[in-house]
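Structure at a glance
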Amino acid sequence: MEQGIDLLLQKEEKFQFIHKMYGRPPIVTRSVGFETLCLLILEQQVSIDSAKATFLKLKNSIPNFTPESVLEFSAEEFRACGVSRQKTVYLKALSHAIVEKHLDIESLAKKDAQTVREELIKIKGIGHWTIDVYLMFCLQSPDIIPLGDIAVVNTIKELFDIHDKEKMADYAEKWKPHRSVATFFLWHYYLQKRGRKNPY
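Described below are features of the structure shown in this document.

Procedures and definitions
Residues numbered from 1 in each chain as written. Predicted model: local features only at pLDDT ≥ 70, side-chain atom pairs only at ≥ 80, totals over all residues. Heavy atoms only, no water. Helix = DSSP H or I, 4+ residues; strand = E, 2+ residues; numbered from the N terminus. Rg over C-alpha atoms; globule rule 2.2 N^0.38 Å. Buried < 20%, exposed > 50% of the residue type's maximum accessible area, 1.4 Å probe, protein only. Contact = heavy atoms within 4.5 Å. Lys, Arg positive; Asp, Glu negative; His and termini not counted. Charge placed at Lys NZ, Arg CZ, Asp CG, Glu CD. Axes fitted to C-alpha atoms, helices over the stretch in contact; angles between N-to-C directions. Parallel < 35°, antiparallel > 145°, perpendicular 65-115°, else oblique. Left-handed = near helix turned anticlockwise from the far one by under 90°. Nonpolar A, V, L, I, M, F, W, Y, C, P; charged D, E, K, R; others polar.

Another point: the overall build of the chain. A count of helices and strands for the chain gives twelve helices and zero strands. Taken from N to C terminus, the helices and strands of the chain fall in the order α-α-α-α-α-α-α-α-α-α-α-α. At 18 Å, the chain has a C-alpha radius of gyration in line with the 16 Å of a compact globule built from 200 residues. In the chain, which comprises 200 residues, the proportion classed as buried is 49%. The contacts of the chain with a sequence gap of at least 6 include a subset with a gap of at least 24, amounting to 64%. One finds the centroid of the 28 positive side-chain charges in the chain at a distance of 4 Å from the centroid of its 26 negative side-chain charges.

This is the structure we're talking about:
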């Protein structure tokens, strides 16, 4: 994706502005697998710091963190770790899909982004934002623009004066096939402007 940074800097004036203000955006990676998907579920609609704290409580309570052990963990135990009832349902749905072999997480790395999306979207609690972040951070998919992410949407509104998501998607076509890199630029601006140095 580093090459994508240079290519986008050549074609997008706003990214040149971000680069001048804050430097190159970091290309963030995360480990593939069950644990990361669980963490992403916990990150939905809450701060990353809060989700990490909850995940650490879960990991301390379930040292052998596997789909099987998550299924055995009771609703009361999840609640004691700070997990909402809804997200408990989601974590168990993911675990059930793996145990019942409806989902093979390890195989996702060998599949194209659309196939990964089609497989993950079937699981209760996994929506497009979670899939987009997993594709970008874990599978290094190069061409993702997560328009379900409030930071991305707000930055496009601010820098490009585009306020309709359909028009945002249309504009982002010019960043293909490096829309993931464009997203890292947008996040970089959003977080640096707010003084957040280690957001992921």
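Next comes the rest of the account.
What follows is about the packing of helix α3 (residues 34-43) against helix α4 (residues 48-61). Following both chains from N to C, one finds α3 and α4 inclined at 130°, their axes separated by 8 Å at the closest point. Overall, the two elements α3 and α4 adopt an arrangement that is oblique. Handedness of the α3/α4 crossing: right-handed. Between α3, through E35, C38, L39, L42 and E43, and α4, the contact on the second element is made entirely by I48, A51, K52, T54, F55, L58 and K59. A class-by-class count of the residues in the contact of α3 with α4 yields seven nonpolar, one polar and four charged.

Where burial is concerned, most of α3 is hidden: nine out of the ten residues are buried. Along α3, the positions that sit buried rather than exposed are F34, T36, L37, C38, L39, L40, I41, L42 and E43. Buried residues belonging to α3 abut α4, α5 (67-72), α7 (85-99), α8 (113-120) and α9 (128-138). Q45 sits one or two positions beyond α3 and adopts a positive phi of about 65°.

Next up on the list: the environment of D170. Counting through the fold element by element, D170 comes out in helix α11 (residues 165-172). The exposed category is assigned to D170, whose relative accessible area is 51%. Between the alpha carbons of D170 and K14 there is a distance of 17 Å; along the sequence they are 156 residues apart.

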